[in-house]
Amino acid sequence: MVTPSRTYNDAIDALNSLQTPFAIIEARRKAGIRPDATSVQEMRGYLLRIGYSSSDLDRLNIIHVAGTKGKGSTCAFVDSILSRYSQSTSIPRKVGLFTSPHLIAVRERIRIGSRPISEELFAKYFFQVWDRLESSDTGKELVEPGTKPIYARYLTLMSYHVFLSEGVDAAVYETGIGGEYDATNVVERPVASGISTLGIDHVYVLGQTVDKIAWHKGGIMKKGAPAFTIEQVPEAAEVLRARAEEKGVALKVLNVDARLEGVNVRPNALFQKKNATLAIALAEVALKKLDGGFELDPKELLPKEFVEGLEQVVWRGRCEVKEEEGVSWHVDGAHTVDSLKMAARWFAGECAEKRGPKVLIFNQQGRAEAVDFLDGLCNTVKKGDPAGKGFEHVIFCTNVTYAETGYKRDFVNHQYNPKDIEKMTAQKIFAEKWSALDPAANVMVIHSIEEAINKARSLSKTVQDRENVQALITGSLHLVGGALGILEKADAL
Ligand SMILES: Nc1ncnc2c1ncn2[C@@H]1O[C@H](COP(=O)(O)OP(=O)(O)OP(=O)(O)O)[C@@H](O)[C@H]1O
Ligand SMILES: [Mg+2]
Ligand SMILES: [Mg+2]
């Protein structure tokens, strides 16, 4: 039972205490400590400690997805297809979805039937795991008694407990970082593995080059489970091929699925069709296992559960448009060089049909290389405009949600240097860079998301009749989640 001192908010506070503080992250970086095989051993230990063996995970029929970009979208597609199939056939009985990071509230990361679990359920299972970790020493040969896994790993561990307790029989898992040493890689017998588009991200943990990154992501492939990927850059494709061979896995490289012709996947962009292609293959394998007679005919149209699942999926904060008086908000959580170009192209396409000055609200906290995201964003938007016009106003803000009260609890983050946020160090570097890229732009540095939004709104007073400010909010999911919460005035879940 959830007692008054064990509410959802208490759970989030306790969870936040499991974040690795900035000083420790820094020290590890300096010492060159990176995750290794012990991290999966440790997860195995924690799993035993809360009462499960890795074979218990077989009941979840896990579909496991890694990749640099498109993991979450692919997982959401698979979940949506399986959920619709379940509505028509009762197979699977219950579909679980585990994703990261969260957009608006932590509980979004653990979904059943596509919906985030309730605050009550979250608090209940959160503290059950907490208590088991404190009271048991099972698995002590793998992990020290009395300890707890860090933030993302705790949520992964908890998700297994939630799904097994709730009778989930098909669960879609997005990896956190990488694959080989990721907490989700504790699964030994997934039903299928999928690897979405590979590129550069998390270079400190995974390595500087795409082949090193591909090595990690390829680590989720398991003998006995069909594996799929889509077209990749050659270095990545080669590493994946070699990893599959080493593991004795048949890795299938998929071209964009011809059956998507006429299916209204949003946004209507190649990257999303690749994600959808991967999702179709993963869902097909899962259904073949769960529903003996199931088979997709490669030459026939997709069944209605697949079409509806792909068309009606809700994956918020990605290529989302919200209209209000004076401002058209374009919201996308892209935060790598490639995905930001994609987001910029999408925004430019949207603006081609609308009128009004373009305004950018951008942040990316804690990653020095983020300054290199700006060129692509600036140029892609200019190139996309027939008159060659870029952003007129550019606002860099921190991820602090509110001007007065600071962070919403679900966004508290101890992993960044608090001094940098106070001084807006990163934002000032971005501003300087942008002024050099586009001297005509009006560049501003503003503390909170709320104030940045208010600034964009105030700019709408200066536009002409029948024009709207065309605002793009991008660079960070934390920024985008905070912004959606403010734009919708309530918990947008
Ligand atoms: N296949 C893809 N290739 C390139 N960019 C993509 C792809 N899929 C999605 N994106 C872009 O990346 C953004 C994030 O997508 P998504 O949430 O699916 O990725 P993710 O892999 O889960 O990322 P994260 O690192 O945030 O967990 C999207 O809004 C879109 O702009
Ligand atoms: Mg990522
Ligand atoms: Mg994700």
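Rules used throughout
Residue positions are given per chain, counted from 1 along the sequence in the order it is written. Written order determines the labels here, with chains lettered from A and ligands numbered from 1. Thresholds applied to this predicted model are a pLDDT of at least 70 for local features of residues and 80 or more for the giving and counting of side-chain atom pairs; totals over whole chains, interfaces and linings are not thresholded and use all residues. UniProt positions are given in the numbering used here, feature names are shortened, and annotations may be inferred rather than shown by experiment. Numbering goes from the N terminus for both helices and strands, where a helix is a DSSP run of H or I of at least four residues and a strand is a run of E of at least two. Radius of gyration here uses only the C-alpha atoms, and the compact-globule reference equals 2.2 Å multiplied by the residue count raised to the power 0.38. Every C-beta atom is placed from the backbone, and the number of other C-beta atoms within 10 Å of a residue's own sets its class: buried at 20 or more, exposed at 12 or fewer, partly exposed in between. The criterion for a residue being near a molecule or strand is simple: its C-beta atom, placed using the backbone, must lie within 6 Å of it. Three categories are distinguished: nonpolar for Ala, Val, Leu, Ile, Met, Phe, Trp, Tyr, Cys and Pro, charged for Asp, Glu, Lys and Arg, and polar for the others, with Gly belonging to the last. For the domains described, the bounds stem from an automatic or database domain assignment. Residues of type Ala, Val, Leu, Ile, Met, Phe, Trp, Tyr and Cys that are buried and joined through C-beta atoms within 7 Å form what is called a nonpolar core. Working definition of a contact: two residues with C-beta atoms, positioned from the backbone, lying within 7 Å. Axis definition: a line fitted to C-alpha atoms, over the contacting stretch in the case of helices. Angles run 0 to 180 degrees between N-to-C directions. Roughly parallel refers to an angle under 35 degrees, roughly antiparallel to one over 145, roughly perpendicular to one between 65 and 115, and oblique to any angle outside these ranges. Here is the rule for handedness: rotate from the far helix to the near one, and if that takes an anticlockwise turn smaller than a right angle the crossing is left-handed, while a clockwise turn gives right-handed.

- The protein chain carries the name Folylpolyglutamate synthase in an unreviewed UniProt entry, which gives Cercophora newfieldiana as its organism.
- In its Sequence similarities (unreviewed entry) section, the UniProt entry covering the protein chain states "Belongs to the folylpolyglutamate synthase family."
- Its UniProt record gives the protein chain a comment under Catalytic activity (unreviewed entry), which states: "(6S)-5,6,7,8-tetrahydrofolyl-(gamma-L-Glu)(n) + L-glutamate + ATP = (6S)-5,6,7,8-tetrahydrofolyl-(gamma-L-Glu)(n+1) + ADP + phosphate + H(+)".

## Considering the overall build of the protein chain
Inference 1: The secondary structure content of the protein chain amounts to 17 helices and 14 strands.
Inference 2: In terms of overall dimensions, the protein chain is globule-like: its C-alpha atoms have a radius of gyration of 22 Å, near the 23 Å expected for 493 residues.
Inference 3: Taking the principal axes of its C-alpha atoms as reference, the protein chain extends roughly 60 × 55 × 40 Å.
Inference 4: Within the protein chain, the fraction of its 493 residues that count as buried is 48%.

## Thoughts on unusual backbone geometry
Inference 1: The amide bond that connects Ile91 to the next residue, Pro92, takes the cis arrangement and shows omega of -15°.
Inference 2: Locating Pro92 in the fold gives a position in the loop between helix H4 (71-89) and strand S2 (95-98).
Inference 3: Within the chain, His202 stands out as a residue other than glycine whose phi angle is a positive 50°.
Inference 4: With respect to the helices and strands, His202 occurs in the loop between strand S6 (192-195) and helix H7 (203-206).
Inference 5: Taking the C-beta count within 10 Å as the criterion, His202 has 15 such neighbours and is therefore assigned partly exposed.
Inference 6: Positive phi, close to 60°, is recorded for Arg466, a residue that is not glycine.
Inference 7: With respect to the helices and strands, Arg466 occurs in the loop between helix H16 (449-459) and strand S14 (469-474).

## A closer look at the site of ligand 1
Inference 1: Of all residues adjacent to ligand 1, which total 23 residues, the nearest are Gly70, Lys71, Gly72, Ser73 and Arg318.
Inference 2: Mapped by element, the contributors of at least two residues to the shell around ligand 1 are H4, helix H10 (270-290) and helix H12 (337-351).
Inference 3: When its residues are assigned to classes, the shell around ligand 1 shows six nonpolar, ten polar and seven charged.
Inference 4: When we break the shell around ligand 1 down by domain, the ones giving at least three residues each are domain 1 (8-311) and domain 2 (320-487).

## Some remarks on the nonpolar core
A general trend in soluble globular proteins is that nonpolar side chains are found buried together.
Inference 1: Counting 141 residues, the largest nonpolar core has Ile63, Val78, Leu282, Ala283, Ala286 and Ala456 as its most contacted members.
Inference 2: The leading source of residues in this core is H10, at ten residues.
Inference 3: The two domains that each donate at least three residues to this core are domain 1 (8-311) and domain 2 (320-487).
Inference 4: Residues contacting Ala286, with those up to four places away along its chain left out, are Asn61, Ile63, Leu82, Ala170, Val191 and Ala192.

## Section: the packing of H12 against helix H13 (residues 373-383)
Inference 1: Relative to each other, H12 and H13 sit at 20°, their axes nearing to 8 Å. Classed by the angle they form, the pair H12 and H13 counts as roughly parallel. The handedness of the crossing between H12 and H13 comes out as right-handed. Contact with H12, carried on its side by Val337, Leu340, Lys341, Ala344, Arg345, Phe347 and Ala348, involves Phe373, Gly376, Leu377, Thr380 and Val381 of H13 and no other residues of that element.
Inference 2: Tallied by class, residues from the contact of H12 with H13 come to eight nonpolar, two polar and two charged.

## Some remarks on the UniProt feature "binding site: ATP" (unreviewed entry) in the protein chain
Inference 1: Taken from the UniProt record, the annotation "binding site: ATP" (unreviewed entry) applies to Arg318 and Asp332.
Inference 2: Relative to the helices and strands, Arg318 resides in the loop between helix H11 (304-311) and strand S9 (320-324).
Inference 3: Excluding residues within four positions of it along the chain, Arg318 makes contact with Ser73, Asp332 and Gly333.
Inference 4: Within the element layout of this structure, Asp332 appears in strand S10 (residues 327-332).
Inference 5: With sequence-adjacent residues up to four places away left out, Asp332 is seen in contact with Arg318, Cys319, Ala343, Trp346, Thr474 and Val480.

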